[in-house]
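Okay, here's what each chain looks like letter by letter:
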Amino acid sequence: MDTAKSDEILARLMALHPKKIDLSLGRMHRILAKLGNPEKKLPPVVHIAGTNGKGSTVAVLRAIAEAAGHRVHVYTSPHLVRFAERIRIAGSLIAEDTLADLLQRVEDAAGDDPITFFEVTTAAALLAFSETPADLCILEVGLGGRLDATNVVDAPAAVGITPVSFDHQQFLGDTLPEIAGEKAGIIKPGAPLVIGPQKKVGLEVIETAAQKHGVKPYVFDQSWHVETKKDGSGLLYEDWKSVLDLPLPPLVGDHQIKNAAMAIALAHAQKAVAIPDAAIKAGLGWVRWPARLQELKNTPLNALLPPGADLWLDGGHNPAAADVMRTFLQGVDPVNRSVTLILGMMGTKDANGYLKGIVGLANRVIAVPIPGEAGAATPADLAAAATDLGINGVVAKDVTAALQAIADKAHPERPPFVLIAGSLYLAGQVLRDANQIPS
């Protein structure tokens, strides 16, 4: 895909409306009115907020809805390699000429009015979705919920709130109840609400918000439940509608079981389209979600490592993601494998909180910059944070140099186990270098 024209427009929009975050719905309503209110012309919408697991839940819901034969629009953020990944129209990533045209239309409509970059791109997505027929539209909240640019749909077919934890405190509040309150801002009267696993204080806030809107929520471990079979061959799911014996999704990590179950609960909660059990089983089998504990095989990056080495990629960046990482790394044999974390993070993230989760599990942390991201943490600071926690922290100029350093010091009888992690921005660059472009 030649992205020259859309890249040019996006660069111009970024210059005019920098990547600053200014949560408000007033600007969004004004631009949508100028565009003919596309948010009122969408197929039935499933709206999903939360701190962790939003993207995976969206991916599973899309997979099972498409397995049922439905045409599905999807809006997610951020992208990994190409902006077009954010907008999927009736099953396919948006075409370059369509994207360029939509961005130009939104830019023209905005004129000199103040608007943020995310608002422009969200308006373009809604415009695209309003002009192509589909059966279902899945919108992932960008940040928070109450004032997020996606929160312009009055009557969604269902609403989901995945696990809420600490992230973006500078915008959403310093306490879990405050953050949960922002996420709960997408709850609407009459829209079925599915609530994923939550800390008690967060759940109480979300349930109170639901009560104010007259909504009785479907809560994890109350209305729906999932567990892995004892022999590890699949999962057992149960809710108010079905008891299902299902295959494991091809997404690594115990947390993905709950994300998949969240998607099933949303599929059952919404009444807009029929999604039979057979489609749930089929969709679980082929769902993909890049850069979330993704194993890289037979790529140019693998070729830099010695035979027998493993290479994994994850874009998680907060303490909850570190918990997932810890569980994953606990499955690596520390006697026969040498574990190295190649780490790049944005400066706004809690590197210390993230690294605490892997103490005792990684032999070394190699900190790298994130090219093109002015707000990235410096490798020296990340390496120092690792060292302060008792992990051997060093720096490298980039991921390639880090992989070469690992290869140079690899023990012939302890193949390296390498995990590149800490940022979706870094993950996108790694996927580009690995020729693993999401499609």
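Our subject is the structure listed above.
Let me sum up the structure you'll find in this document. (Residues numbered from 1 in each chain as written. Predicted model: local features only at pLDDT ≥ 70, side-chain atom pairs only at ≥ 80, totals over all residues. Heavy atoms only, no water.)

1. Some words on the sheet that holds strand S9 (residues 225-228)
Stage number 1. Here three strands make up an open sheet; going across it, the order is S9-S10-S11 and the pairing antiparallel. Edge positions in the sheet fall to S9 and strand S11 (243-246), since each has one partner strand and no second. Within this sheet the neighbouring strands show an average axis-to-axis angle of 15°, counted without direction.
Stage number 2. When S9 meets strand S10 (residues 235-238), the two strands line up antiparallel, connected through four bridges. Looking at the pairing, Thr228 lines up with Leu235 of S10. (Pairing = 2+ DSSP bridges. Helix = DSSP H or I, 4+ residues; strand = E, 2+ residues; numbered from the N terminus. Axes fitted to C-alpha atoms, helices over the stretch in contact; angles between N-to-C directions.)

2. Quick word on empty space enclosed by the protein
Stage number 1. Under the defined criterion, the tally for this structure stands at one cavity of 30 Å³ or more.
Stage number 2. Taken as a whole, the largest cavity spans an internal volume of roughly 60 Å³.
Stage number 3. If you go around the largest cavity, the residues you meet are Arg27, Arg30, Ile31, Lys34, Ala109, Ala110, Asp113, Pro114 and Ile115.
Stage number 4. Elements that contribute at least two residues to the lining of the largest cavity include exactly helix H2 (26-34) and helix H4 (96-110).
Stage number 5. With four residues, the top contributor of residues to the lining of the largest cavity is H2.
Stage number 6. Looking at side-chain class alone, the lining of the largest cavity contains five nonpolar, no polar and four charged residues. (1 Å grid on protein atoms, 1.4 Å probe; cavity = no way out; pocket = protein on both sides within 12 Å on 5 of 7 lines; lining within 4 Å. Points joined across faces, edges and corners; volume = space filled by probe spheres on them. Nonpolar A, V, L, I, M, F, W, Y, C, P; charged D, E, K, R; others polar.)

3. What to know about the layout of surface pockets
Stage number 1. As a volume, the second largest pocket reaches approximately 610 Å³.
Stage number 2. Taken together, 29 residues line the second largest pocket, and the ones lying closest to its centre are Arg288, Trp289, Pro290, Pro438 and Ser439.
Stage number 3. Elements that contribute at least two residues to the lining of the second largest pocket include exactly helix H3 (54-67), strand S12 (294-295) and helix H15 (424-433).
Stage number 4. Per-element tally for the lining of the second largest pocket: the top contributor is H3, with three residues.
Stage number 5. The residue inventory of the lining of the second largest pocket, partitioned by class, reads 18 nonpolar, five polar and six charged.

4. Here's the deal with the sheet that holds strand S13 (residues 310-313)
Stage number 1. As summarised here, the arrangement of the six strands in space is S12-S13-S17-S14-S15-S16, forming an open sheet in which the pairing is mixed. For this open sheet the edge positions go to S12 and strand S16 (392-395), each flanked by a neighbour on one side alone.
Stage number 2. Where S12 and S13 come together, two bridges link them in antiparallel fashion. Across the sheet, the residue bridging to Gln294 is Leu313, located in S13.
Stage number 3. Against the sheet, helix H11 (residues 319-329) engages S13, strand S14 (338-343) and strand S17 (416-421), with an angle of about 170° to S17.
Stage number 4. The sheet contacts of helix H13 (residues 379-388) involve S14, strand S15 (364-367) and S16, and relative to S16 the element is tilted by about 170°. (Contact = heavy atoms within 4.5 Å.)

5. A few points about the side chain of Asn151
Stage number 1. Examined against the element boundaries, Asn151 turns out to sit in the loop between strand S5 (136-140) and strand S6 (158-161).
Stage number 2. When its relative accessible area of 8% is taken as the criterion, Asn151 is described as buried.
Stage number 3. From its side chain, Asn151 meets the backbone oxygen of Arg146 in a polar contact 3.0 Å long.
Stage number 4. A distance of 2.5 Å separates a polar atom in the side chain of Asn151 from a polar atom in the side chain of Lys188.
Stage number 5. Once residues within four sequence positions are removed from consideration, Asn151 is found in contact with Leu25, His47, Gly145, Arg146, Gly185, Ile186 and Lys188. (Buried < 20%, exposed > 50% of the residue type's maximum accessible area, 1.4 Å probe, protein only. Polar contact = N/O pair within 3.5 Å; in protein donor to acceptor, adjacent residues only side chain to side chain.)

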